[in-house]
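# Tertiary structure, described
Residues per chain are reported as follows:
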There are 2 protein chains.
Amino acid sequence: MPFSAKTEYGLVALIELAGQFQSGGVMQVGEIASRQGIPDRYLEQMLTSLRRGGILRSIRGPKGGYQLMRPPAEILVSEVVQVLEGEPQLRDGGTRETPEFQVLHALAGDLQTARLALLEATSLEQLIERRDALLQAQAMYFI
Amino acid sequence: MPFSAKTEYGLVALIELAGQFQSGGVMQVGEIASRQGIPDRYLEQMLTSLRRGGILRSIRGPKGGYQLMRPPAEILVSEVVQVLEGEPQLRDGGTRETPEFQVLHALAGDLQTARLALLEATSLEQLIERRDALLQAQAMYFI
DNA sequence: CGGTTCCCGATCGATGTAGTTGGGAATACC
DNA sequence: GGTATTCCCAACTACATCGATCGGGAACCG
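To start, this report covers the structure provided alongside it. Since we're looking at a predicted model, the values are computed, not measured.

What counts as what
Residues numbered from 1 in each chain as written. Chains lettered and ligands numbered in written order. Predicted model: local features only at pLDDT ≥ 70, side-chain atom pairs only at ≥ 80, totals over all residues. Heavy atoms only, no water. Pairing = 2+ DSSP bridges. Helix = DSSP H or I, 4+ residues; strand = E, 2+ residues; numbered from the N terminus. Least-squares fit on C-alpha atoms with pLDDT ≥ 70 in both. Contact = heavy atoms within 4.5 Å. Axes fitted to C-alpha atoms, helices over the stretch in contact; angles between N-to-C directions. Parallel < 35°, antiparallel > 145°, perpendicular 65-115°, else oblique. Nonpolar A, V, L, I, M, F, W, Y, C, P; charged D, E, K, R; others polar. Buried < 20%, exposed > 50% of the residue type's maximum accessible area, 1.4 Å probe, protein only. Buried area = accessible area lost by both parts, 1.4 Å probe. Salt bridge = Lys/Arg side-chain N within 4 Å of Asp/Glu carboxyl O. Polar contact = N/O pair within 3.5 Å; in protein donor to acceptor, adjacent residues only side chain to side chain. Near = heavy atom within 4 Å. 1 Å grid on protein atoms, 1.4 Å probe; cavity = no way out; pocket = protein on both sides within 12 Å on 5 of 7 lines; lining within 4 Å. Points joined across faces, edges and corners; volume = space filled by probe spheres on them.

## Quick notes on the pairing of strand S1 (residues 56-59) of chain B
All names here are of chain B.
- Alignment of S1 against strand S2 (residues 65-68), held across four bridges, turns out to be antiparallel. From the neighbouring strand, isoleucine 59 faces S2, where its bridge partner is glycine 65.
- Between S1 and S2, which pair antiparallel one after the other, the connecting turn spans five residues, and glycine 61 there sits at a positive phi close to 80°.

Right under this line is the structure:
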């Protein structure tokens, strides 16, 4: 499972917010959490990270909530993952550098590169497009 | 870091064994472990998994050790990873199926597919080729 | 028979993950 | 101005996983 719960919850919340971006686009933690069926106090932490990471801004008090800082097209999944997952904090790296390990680390690098490429190629805007396409397709079954 | 220690150690051991495959190719746990600087009793567990997974066979008693079951060209990294990592045991999957989550699961699927493609495209034979190329390149610096 | 090697399973400490909880600070509204 | 609402900050917990260690048993060779 490539995404942790943290990342998944954060991205889901961002997709919701991105869907509302045209029309002001402010939503509250509790609102998002109940729509998605996830613990609100936990989601709050993700939204805090995203705010600190410059992806969201927050409004306090009644009628407050969260809002995207930028249009959905300018927010890449790679950035979100990076903010929520934090630095991968590489392990020792230096010891155990037999040629066999080096070859594997090169392969591991290729894997990370491929992953990053996909995540950088995906914006929130694309995710809402896919969501809407999916809803459209599912509506077909009811005709 | 895409590979766990388990996977990394197992693969390193297999690369060593693959390098010896022509000439009988039997090596002992302690031998591999000390060459690679990893705990032998721990590596033993990985080799046991690989034997149970049909990738290695073992020979007991003095002059025993481990041996590849098949030529290195027929052992893919994907298979090794699968054996060492085990089934990813998917979480609930069914609850929390809002369209937003579905879109993310699709993206997660794409990531796994990309990863798998790279791992399936890499055999032990290719890894020993890369290791030897790397040794060759490093030898250049000493001229 | 005796040493060598693999075999099997339990255990352990550290770390991370998912989630809960207890308050505090800003803001809107009456 | 008071009060309810919302975000803000931080500590804490339960649990699983990971990397590793350990004790002892079974096969095999000479």
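## A closer look at the relation of the copies chain B and chain A
- Overlaying chain B with chain A gives an RMSD of 0.1 Å, the required rotation being 180° about an axis along which the chain moves by 0.0 Å. What the rotation and shift describe, once combined, is the action of a two-fold rotation axis.
- Of the residues that chain B buries at the interface, 100% are likewise interface residues in chain A, meaning the two copies contact each other through the same surface.

## Thoughts on the packing of helix H1 (residues 5-19) of chain A against helix H6 (residues 124-140) of chain A
All names here are of chain A.
- Interhelical geometry of H1 versus H6 gives an angle of 85° and a closest axis separation of 9 Å. What the angle tells us is that H1 and H6 run roughly perpendicular. In this structure, H1 uses Leu14, Ile15, Ala18 and Gly19 to contact H6, whose residues at the interface are Leu124, Leu127, Ile128 and Arg131.
- Taken together, the residues of the contact of H1 with H6 sort by class into six nonpolar, one polar and one charged.

## Let's talk about the environment of leucine 14 of chain B
All names here are of chain B.
- Within the fold, leucine 14 resides in helix H1 (residues 5-19).
- A relative accessible area of 0% places leucine 14 in the buried class.
- Spatially, the C-alpha atoms of leucine 14 and leucine 47 are 8.9 Å apart, while their sequence positions differ by 33 residues.
- The contacts of leucine 14, once residues within four sequence positions are left out, are Leu50, Ile55, Leu56, Leu68, Val80 and Leu124.

## What to know about the interface of chain B and chain A
- Contacts between chain B and chain A engage 45 residues on the former and 45 residues on the latter.
- When chain B packs against chain A, close to 4,000 Å² is buried across both sides, 70% of that on carbon and sulfur atoms.
- At the boundary of chain B and chain A, one finds two salt bridges.
- Residue arginine 131 of chain A pairs with glutamate 100 of chain B through a salt bridge whose shortest N-O separation is 2.8 Å.
- There are ten residue pairs in polar contact (both at pLDDT 80 or more) connecting chain B and chain A.
- Mapped by element, the contributors of at least two residues to the side of chain B that touches chain A are H1, helix H2 (29-36), helix H5 (99-120) and helix H6 (124-140) of chain B.
- Sorting elements by how many residues they give to the side of chain B that touches chain A places H5 of chain B first, with 15 residues.
- Taken together, the residues of the side of chain B that touches chain A break down into 25 nonpolar, ten polar and ten charged.

## A closer look at the protein's contact with DNA strand C
- The local shell around DNA strand C holds 26 residues, among which Arg41 and Gln45 of chain A together with Arg51, Ser58 and Tyr66 of chain B are the closest.
- The contact atoms of DNA strand C, taken as those within 4 Å of the protein, divide so that sugar and phosphate hold 62%.
- Here a phosphate oxygen of DNA strand C sits 3.1 Å away from a polar atom, N or O, in the main chain of valine 29 of chain B.
- Side-chain polar atom of tyrosine 66 of chain B to a phosphate oxygen of DNA strand C: 2.5 Å apart, as the coordinates give it.
- Of all elements in the fold, only H1 and helix H3 (40-52) of chain A together with helix H3 (40-52), S1 and S2 of chain B reach the threshold of two or more residues within the surface near DNA strand C.
- In terms of residues, the surface near DNA strand C owes the most to one element, H3 of chain B, which gives four residues.

## With respect to the layout of surface pockets
- In this structure, the largest pocket occupies an estimated 1,300 Å³ of space.
- Residue lining of the largest pocket: 31 residues in total, with Met1, Pro2 and Arg115 of chain A together with Pro2 and Arg115 of chain B positioned closest to the centre.
- When residues of the lining of the largest pocket are traced back to their parent elements, those giving at least two are helix H4 (77-85) and helix H5 (99-120) of chain A together with helix H4 (77-85) and H5 of chain B.
- For the lining of the largest pocket, the leading source of residues is H5 of chain B, giving seven residues.
- Its residues assigned to classes, the lining of the largest pocket shows 17 nonpolar, eight polar and six charged.

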